[in-house]
Amino acid sequence: QVQLVESGGGLVQAGGSLRLSCIASGRTSSRFAMGWFRQAPGKEREIVSTITWNGGYTAYADSVRGRFTISRDHAKNTVYLQMNSLKPEETAVYSCAVGTYSVRPSDYTYWGQGTQVNVSS
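Residues numbered from 1 in each chain as written. Predicted model: local features only at pLDDT ≥ 70, side-chain atom pairs only at ≥ 80, totals over all residues. Heavy atoms only, no water.

Moving on: the packing of aromatic side chains. This model, assessed by the stated rule, comprises four aromatic pairs. Among the aromatic side chains, those forming a connected cluster through ring pairs are Phe37, Tyr108 and Trp111. The lysine or arginine in question, Arg45, covers the ring of Trp111, its NZ or CZ lying 3.8 Å from the ring centre. (Phe/Tyr/Trp six-rings, centres within 6.5 Å; stacked < 30°, edge-to-face > 60°. Lys NZ or Arg CZ within 6 Å of the ring centre and 35° of its normal.)

Now the structure itself:
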């Protein structure tokens, strides 16, 4: 079992920035990747970014590349998502997850409860 707790969400104006954090505890594995996903009302959950356990590889959705940065602190078992130049259409619940390095939600086994990000116009 792995427990994930996200924080850092909130209300921000368009063009602003937020940094999300996710702390993992429990039986983590070196084979796990950690990813960020988001889900807006009425839409399917989609990949935002993911990172391998050792931080050697990262992937980003095309829509966020160049604006968002994923990173991790291995000693603290924490992954971060720095989000810059936020857009109103990026209002969603942002969740972190652990699983196989992939852009598909179905490849992730454990999920946090999510943190709400609201971007006002």
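Turning our attention to the side chain of Arg72. With respect to the element layout, Arg72 can be found in strand β7 (residues 68–73). One buried charged residue, Arg72, remains without a salt bridge, the closest side chain of opposite sign being Asp73 at 7.9 Å. A polar atom in the side chain of Arg72 sits 3.4 Å from the backbone oxygen of Thr52. Within the local environment of Arg72, its side chain forms a polar contact with the backbone oxygen of Trp53, the two atoms lying 3.3 Å apart. In contact with Arg72, not counting residues within four places along its chain, are Met34, Ile51, Thr52, Trp53, Gly55, Asn77, Thr78 and Val79. (Helix = DSSP H or I, 4+ residues; strand = E, 2+ residues; numbered from the N terminus. Buried < 20%, exposed > 50% of the residue type's maximum accessible area, 1.4 Å probe, protein only. Lys, Arg positive; Asp, Glu negative; His and termini not counted. Salt bridge = Lys/Arg side-chain N within 4 Å of Asp/Glu carboxyl O. Polar contact = N/O pair within 3.5 Å; in protein donor to acceptor, adjacent residues only side chain to side chain. Contact = heavy atoms within 4.5 Å.)

Here we take up the state of the cysteines. The bond known as a disulfide is covalent and runs between the sulfur atoms of two cysteines. Evaluation of the coordinates by the stated rule reveals one disulfide. Residue Cys22 pairs covalently with Cys96 via a disulfide, S to S 1.9 Å. Because the sign of the S-S torsion sets the handedness, a value of about 50 degrees for the bond joining Cys22 and Cys96 places this disulfide among the right-handed ones. Of this pair, Cys22 sits in strand β3 (residues 18–26) while Cys96 sits in strand β9 (residues 92–99); the two residues are 74 residues apart in sequence, bridging distant segments of the chain. Of the two residues examined, Cys22 and Cys96, each falls in the buried class. (Disulfide = S-S within 2.5 Å.)

The strand order across the open sheet formed by four strands is β1-β3-β8-β7, and the pairing between neighbours is antiparallel. The two strands at the open ends of the sheet, each matched to only one other strand, are β1 (2–7) and β7. Neighbour-to-neighbour, the strand axes of this sheet turn through a mean angle of 15 degrees, independent of strand direction. As paired strands, β7 and strand β8 (residues 78–83) are joined by six bridges and run antiparallel to one another. Across the sheet, residue Ile70 finds its bridge partner in β8, namely Leu81. (Pairing = 2+ DSSP bridges. Axes fitted to C-alpha atoms, helices over the stretch in contact; angles between N-to-C directions.)

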